[in-house]
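# Structural characterization, general
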Amino acid sequence: MPPVDRKRVVALDKARVWHPYTEMSHYRAEVDPFVIVEARGSRLLDANGREYLDGNASWWTCTLGHNHPRLVAALQRQAQSLCHTALAGIAHENASELAEALCAAAPDGLEHVFYSDNGSTAVEVAMKLVIQYWAQNGRPERTRFISLEDAFHGETVGVTALGGVDVFRAPFAPVLADCDHIASPGASDTDIEGAVEALAEVLRKTGDSVAAVVLEPMVQGAAGMHIYEAEYVRKARDLCDRHDTFLICDEVFTGYGRTGPLWAVQHAGVTPDILCTAKGFTGGMLPMAATLTSERIFEGFLGDRSRAFHYGHSFSGNPLGAAVAREVLRVIEDEDILVRARPKADRIAEAFDEMRSLPGVAATRSLGMIGALDLEGDEGYLADAGWRVFDEARERGAYLRPLGNVVYVTPSINIPDDDLDRLLDVVQQSVAAVTKG
Ligand SMILES: *Cc1c(COP(=O)(O)O)cnc(C)c1O
């Protein structure tokens, strides 16, 4: 392959490409983007021939590292026979086998799989499922949602209603569905009892009109890696049962071993009525997602044709994505990924504990393959302290995109120990360089 013309890529990029979460005049004038030409394992290779450790597994997706040979092989094999077919009235081996494997790997009681394209649609599907379920099963007044302050559930207008991060929500607030945002157990100023009481209270007041309670179990990712106790998920399950409403767990980020077990709800021993997965679902190789449901919800759509779930995507169940997602579950088992991640998680916990004593660091936390620290000073997504750490980390060979003042790592779950040690060193040195005052 001829070398990439870096200058041309950047010129066309700045002329034409509108980047996510990016103010483009600043980007055009100030930002020298990474131009990535290859990726392997936990490393990104840029057009200058320089390697960078991928500190967030490319937006939390590449849980098994980039270009895992078995995933690449599964994709190539599948591409030779069937790249795509619609899923309406058509079955194919990959969608079938994947659904069976997924239900076997999921918490007991999740029995059916609805495929879509990404994390946002996985949650959008869940919202539409519960609204239609209640509408055609005798409780049409159940149309409201409850979610947490600082929640993040994706980008469609539907799921934006559930989101509690103001920067992502405010521009669209006038057109969003009804949702009560309640105190989060992950917030630094809320204790677990207070958060449970907040949920109990809103259910007491409005429980009869609630379609579902929606949670990111154990950790609110986009909020800034706000980690909370399993007890809250258990209590939320109990409260949903008591009010006969549904619990939707959004495992788009937390699933596939990110927090330790395959699913974060396993910390709590809880089965939600609906579980949403994406990101690690295909090991970050293809955009594909799944929404798993209980038997009760599935049965609520049986009967005459008008009761069908009238929802689908062009690429629902895409055979390429399904082949890769099926192989992801096999790799996790064959390579004992979750057990082998435990000492890596310990290493992350230890390193972030140590960083608590750095000047300028207000707090640190970790869970599974997540480590995060808050820099002192301005808080929130638009704070820029994290970006100074980002620049320092780039110099030292790591891609360390922050969430405002929160600096974090979410590397691939199978990151080699040496790469992990180096990544943690880079975090420590970069934070120290920015905060030494
Ligand atoms: C990333 C994320 C989403 C959205 O997924 P996309 O694939 O980006 O649409 C939804 N929920 C959670 C918890 C996420 O972290």
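Just above, that's the structure.
What comes next is a walk through the structure. (Residues numbered from 1 in each chain as written. Predicted model: local features only at pLDDT ≥ 70, side-chain atom pairs only at ≥ 80, totals over all residues. Heavy atoms only, no water.)

The strand order β13-β14-β16 describes an open sheet built from three strands, whose pairing is antiparallel. On the outer flanks of this sheet lie β13 (361–367) and β16 (406–409), each paired with one strand and no other. Within this sheet the neighbouring strands show an average axis-to-axis angle of 15°, counted without direction. Two elements, β13 and strand β14 (residues 370–375), share six bridges in a ladder whose sense is antiparallel. (Pairing = 2+ DSSP bridges. Helix = DSSP H or I, 4+ residues; strand = E, 2+ residues; numbered from the N terminus. Axes fitted to C-alpha atoms, helices over the stretch in contact; angles between N-to-C directions.)

Turning our eyes to something else, we now look at unusual backbone geometry. In this structure, Ser-58 is a non-glycine residue whose phi angle is positive, near 50°. Tracing the backbone through its elements, the reader meets Ser-58 in helix α3 (residues 57–60). The backbone phi angle of Asp-244 is positive, close to 45°, even though this residue is not glycine. By the element assignment, Asp-244 lies in the loop between α10 (230–242) and β10 (246–250). Note on Asp-244: relative accessible area 33%, which makes it partly exposed. (Buried < 20%, exposed > 50% of the residue type's maximum accessible area, 1.4 Å probe, protein only.)

Turning our eyes to something else, we now look at the pairing of strand β12 (residues 289–293). Within β12, five of the five residues are buried, which leaves it mostly tucked inside the rest of the structure. Burial of the side chains of β12 extends over both faces: Ala-289, Thr-291 and Thr-293 are buried on one face and Ala-290 and Leu-292 on the other. Looking at chain direction, strand β4 (residues 112–116) and β12 are connected through five bridges and run antiparallel. When the bridges of β12 are listed, Val-113 appears paired with Leu-292. For strand β11 (residues 274–277) and β12, the ladder comprises four bridges, and the chain directions are antiparallel. Across the sheet, residue Thr-277 finds its bridge partner in β12, namely Ala-290.

It is worth spelling out the site of the ligand at this point. Looking at the ligand, the residues that line it are Trp-60, Asn-118, Gly-119, Ser-120, Phe-152, His-153, Gly-154, Glu-216, Asp-250, Val-252, Phe-253 and Lys-279. In the model, an oxygen atom of the ligand is placed 3.2 Å from a nitrogen or oxygen of the Asn-118 side chain. In isolation the ligand has 380 Å² of accessible area, and contact with the protein removes 83% of it. In terms of residue class, the shell around the ligand is made up of four nonpolar, five polar and three charged. (Near = heavy atom within 4 Å. Polar contact = N/O pair within 3.5 Å; in protein donor to acceptor, adjacent residues only side chain to side chain. Areas by Shrake-Rupley, 256 points an atom, 1.4 Å probe, with all protein chains shown as cover. Nonpolar A, V, L, I, M, F, W, Y, C, P; charged D, E, K, R; others polar.)

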